[in-house]
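Listed below are the residues making up each chain.
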Number of protein chains: 2
Amino acid sequence: MTPPRLSLEEISGTGKAAVARALTQVEERADDPTTVALLDEAWLAQTAHIIGLTGPPGVGKSTLIDAMITRYRKAGRTVAVVAVDPSSRRTGGALLGDRTRFYNRAEDHNVFVRSLASRGALGGLTQLAFPSVTLLAALYDYVLVETVGVGQSEAAVSSVAQTVVLCVQPGSGDSLQFMKAGIMEIPDIAVVTKADTGRAARQALSDLAGALSLGAGHDAPIPQLAVSATANTGIDELIDALAAHHRDTEQEKRQATREAQAEAWVREQVEAHFGARGWALLTEKNRLETSRETPFSQARSALERLDLSLRD
Amino acid sequence: MTPPRLSLEEISGTGKAAVARALTQVEERADDPTTVALLDEAWLAQTAHIIGLTGPPGVGKSTLIDAMITRYRKAGRTVAVVAVDPSSRRTGGALLGDRTRFYNRAEDHNVFVRSLASRGALGGLTQLAFPSVTLLAALYDYVLVETVGVGQSEAAVSSVAQTVVLCVQPGSGDSLQFMKAGIMEIPDIAVVTKADTGRAARQALSDLAGALSLGAGHDAPIPQLAVSATANTGIDELIDALAAHHRDTEQEKRQATREAQAEAWVREQVEAHFGARGWALLTEKNRLETSRETPFSQARSALERLDLSLRD
């Protein structure tokens, strides 16, 4: 049975419960024509600043995000948070735990929180997060995407966000490990959390500066900030640095980033269903219709045109 | 051009250079009939104890493996080491670095070391490691599989090894993080490295015991050992614990483990090339020929029978 046609206007007019239902539809009935139509609409209407926050478990991202939500709300802006848990296939989401409840302002209709778990989903985190983030980016001013950084999730966050914040904490040696793992190529802004710890925080900032200077591929120096959500320091500076990154990235380049993310998502969709050979068949014969299509329509028509059979 | 037919006997008679060439053929020409024939032979001939070692970067796995190689060689046994680097797609193998040279005993033909990087390979680490480990398991007494544990690689090691050793170090908080991430379900033996640090090592053992007691799914208590490669303590106990795990696992169960790993590998092969729909088509129609075939022949014939086309 086809679910009823949903428009962005209806969803935003009805409140958080409607947003939650729409996201469930996006997660569970991605192939449905009504879902694709909704995502097409969202793709064209998205205006949010999509901010990714990543870093190891325990670094204090939750507290930081909570403080950011408070700042954005004071400025009259609306916020959605998407918490992505790479561990959930095994543990049912143990790393994120009960984060949803932590952020949620049940009485505030302008703060929306969603946990995404990859359990049961075909393919990786990006595939799951990209459509949900797109929908939320058409409904809220800011979309904060949080991942627990254990190897692959740092890359996942850069596949949906426009600005990536990497969080490390004092005394952890995180900077060095991240540098070794090539993760220092990813952030647009680097943050030392729990920076009420004085000397250790200064040391962490210095380690971070060293690690970042070795990372390749950055056009400009990466802003490095010390924040303390408990002492309430550095949060405004982070908000300003985020706004500056958004403002200083030309509209054209921001658009190009989203389009590259969309293309990677379409490819992942095709490969999850039909493998590398499916993608090769589409691209070799130049049969991926790119003109005037959103990624969601594009993926759907690609999947409909591929046909798999078994020889005897 | 088809490479010449290789037999296990020829390879083991010719020495390390021949083993290296055969592995390159396995990595680069997996679909070749001569490669499949060689892997079929290896699958039936494998007798090694395949030991996986995992843990975070910097925990001291390399030093530990080096000490294990020395012990095994003193006992007249032959050893192969496979170092798997999950980060290599981004960094070209930065996490493992120049490990190969570290272990290698150039003059000793009974120690063979290989680095595997997933760069360019279709699918995940398991796909790459499974055939290589199978070949080495037919040529050496012990195959030590090392992965750098950052999220997904702990699971990867359990997809090829018969006995999994998890390494943590004192003062790292690793035990807690691993427990949260569900990784405590994986090890058969847990080791605290750098255990010459006295009180910190005892604390780490105690944390580990706590974390392991919360992990589900273990039939028997997990041996927990403190080792120091520099102080040369605990290594013999680890060697004994490994032998005991191998001995206490019934032949039937060991066989079942390898067969389950083989099945997962075949599925990954099919999904990498033809996606989830390819696997569904094979299994729904019950067309996966399981009888009397090795995983390598099975994957090859499955891939040959699937056919993908594009509708207009």
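Residues numbered from 1 in each chain as written. Chains lettered and ligands numbered in written order. Predicted model: local features only at pLDDT ≥ 70, side-chain atom pairs only at ≥ 80, totals over all residues. Heavy atoms only, no water.

### Some words on the overall build of chain A
Helix and strand counts for chain A stand at 13 helices and eight strands. Here chain A, with 312 residues, has 54% of them falling under the buried criterion. Carbon and sulfur atoms provide 49% of the accessible area of chain A, an area that totals close to 13,600 Å². (Helix = DSSP H or I, 4+ residues; strand = E, 2+ residues; numbered from the N terminus. Buried < 20%, exposed > 50% of the residue type's maximum accessible area, 1.4 Å probe, protein only. Areas by Shrake-Rupley, 256 points an atom, 1.4 Å probe, with all protein chains shown as cover.)

### So, the packing of aromatic side chains
Residue and element names in this part refer to chain A. The tally for this structure, following the rule as stated, stands at 14 aromatic pairs over all chains. On the basis of an interplanar angle of 20° and a centroid distance of 3.8 Å, the ring pair of Tyr72 and Tyr142 is categorised as stacked. You can see Tyr72 sitting in helix α4 (residues 61-74) and its partner Tyr142 sitting in strand β4 (residues 142-147), a full 70 residues away along the chain. Tyr142 carries the same exposure label as Tyr72, and that label is buried. An aromatic cluster of three or more residues is present, and its members are Trp43, Phe130, Trp265 and Phe296. (Phe/Tyr/Trp six-rings, centres within 6.5 Å; stacked < 30°, edge-to-face > 60°.)

### Comments concerning the packing of helix α12 (residues 251-284) of chain A against helix α12 (residues 251-284) of chain B
Where α12 of chain A meets α12 of chain B, the axes come as close as 4 Å, and the angle between the chain directions of the two elements is 145°. Crossing of α12 of chain A against α12 of chain B: the hand is left-handed. Two secondary-structure elements touch here, α12 of chain A through Glu271, Ala272, His273, Phe274, Gly275, Ala276, Arg277 and Gly278 of chain A and α12 of chain B through Glu271, Ala272, His273, Phe274, Gly275, Ala276, Arg277 and Gly278 of chain B. (Axes fitted to C-alpha atoms, helices over the stretch in contact; angles between N-to-C directions. Left-handed = near helix turned anticlockwise from the far one by under 90°. Contact = heavy atoms within 4.5 Å.)

### Focus on the environment of Val160 of chain B
Residues and elements named next belong to chain B. Mapped onto the elements, Val160 comes out in the loop between α8 (153-158) and β5 (163-168). Classification of Val160 by relative accessible area gives buried; the value is 1%. Sequence separation between Val160 and Gln261 is 101 residues, and the spatial gap between their C-alpha atoms is 6.4 Å. Apart from the residues lying within four places of it in its own chain, the contact partners of Val160 are Ile50, Ala129, Phe130, Val133, Val145, Arg258 and Gln261.

### So, the nonpolar core
The biggest cluster of nonpolar side chains holds 101 residues, and the ones touching the most others in it are Leu135, Leu136 and Val143 of chain A together with Leu135, Leu136 and Val143 of chain B. Once you skip the residues sitting within four places of it in the chain, Leu135 of chain A turns out to touch Leu8, Ala22, Leu23, Val26, Leu38, Leu39 and Ala42 of chain A. (Core = buried A, V, L, I, M, F, W, Y, C linked by side-chain atoms within 4.5 Å.)

### What about the side chain of Asp40 of chain A?
Residue and element names in this part refer to chain A. One can find Asp40 in helix α3 (residues 33-45). Residue Asp40 is classed as buried on the basis of its relative accessible area of 17%. Filtering out sequence-adjacent residues up to four positions away, Asp40 remains in contact with Thr294, Phe296 and Ser297.

### Re the pairing of strand β8 (residues 306-310) of chain A
Side chains Leu306, Leu308 and Leu310 of chain A project from β8 of chain A onto a buried face, and the interleaved Asp307 and Ser309 of chain A project onto a face without burial. The pairing of β8 of chain A with strand β8 (residues 306-310) of chain B spans five bridges and is classified as antiparallel. Considered in β8 of chain B, the bridge of Leu308 of chain A is made with Leu308 of chain B. (Pairing = 2+ DSSP bridges.)

### Describing the confidence of the model for chain A
Residue and element names in this part refer to chain A. Summarising the model, chain A shows a mean pLDDT of 82, and 78% of its residues fall at 70 or more. Across residues 88-95, where pLDDT falls below 50, the model places 27 contacts with residues more than four positions away in sequence or in other chains. For this predicted complex, the interface score ipTM comes out at 0.75, alongside a pTM of 0.80. (pLDDT = per-residue confidence, 0-100.)

### Section: the pattern of salt bridges
It is possible for side chains of opposite charge to pair when their charged atoms get near one another. All names here are of chain A. Throughout the structure, instances matching the rule amount to 18 salt bridges over all chains. Between Asp32 and Arg29 there is a salt bridge, with the nearest N and O atoms lying 3.4 Å from each other. A relative accessible area of 35% means that Arg29 is categorised as partly exposed. (Salt bridge = Lys/Arg side-chain N within 4 Å of Asp/Glu carboxyl O.)

### Section: the environment of Leu205 of chain A
All names here are of chain A. Note on placement: Leu205 falls in helix α10 (residues 199-214). For the pair formed by Leu205 and Thr193, sequence separation is 12 residues and the distance between their alpha carbons is 9.9 Å. With residues near it in sequence (within four places) discarded, Leu205 still touches Val192, Gln224, Leu225 and Ala226.

### Concerning helix α13 (residues 295-305) of chain A
Across the 11 residues of α13 of chain A, nine count as buried, placing the element largely inside the fold. Turning to α13 of chain A, its buried residues are Pro295, Phe296, Ser297, Gln298, Ala299, Ser301, Ala302, Leu303 and Arg305 of chain A.

### What about unusual backbone geometry?
Here Lys194 of chain A, not a glycine, exhibits a phi torsion of approximately 55°, which is positive. Along the polypeptide, Lys194 of chain A turns up in the loop between β6 (189-192) and α10.

### With respect to the packing of α3 of chain A against α13 of chain A
Residue and element names in this part refer to chain A. Here α3 crosses α13 at 145°, and the two axes come no closer than 8 Å. Counted together, Pro33, Val36, Leu39, Asp40 and Trp43 of α3 and Pro295, Phe296, Ser297 and Arg300 of α13 form the full contact between these two elements. Partitioning the contact of α3 with α13 into residue classes produces six nonpolar, one polar and two charged. (Nonpolar A, V, L, I, M, F, W, Y, C, P; charged D, E, K, R; others polar.)

### A few points about empty space enclosed by the protein
Residues and elements named next belong to chain A. Overall, the coordinates contain three cavities of 30 Å³ or more when judged by the stated rule. Of the volumes computed, that of the largest cavity is approximately 100 Å³. As for the largest cavity, its lining consists of Ala30, Asp31, Val36, Leu39, Pro131, Trp265, Gln269, Phe296, Ala299, Arg300 and Leu303. The leading source of residues in the lining of the largest cavity is α13, at four residues. (1 Å grid on protein atoms, 1.4 Å probe; cavity = no way out; pocket = protein on both sides within 12 Å on 5 of 7 lines; lining within 4 Å. Points joined across faces, edges and corners; volume = space filled by probe spheres on them.)

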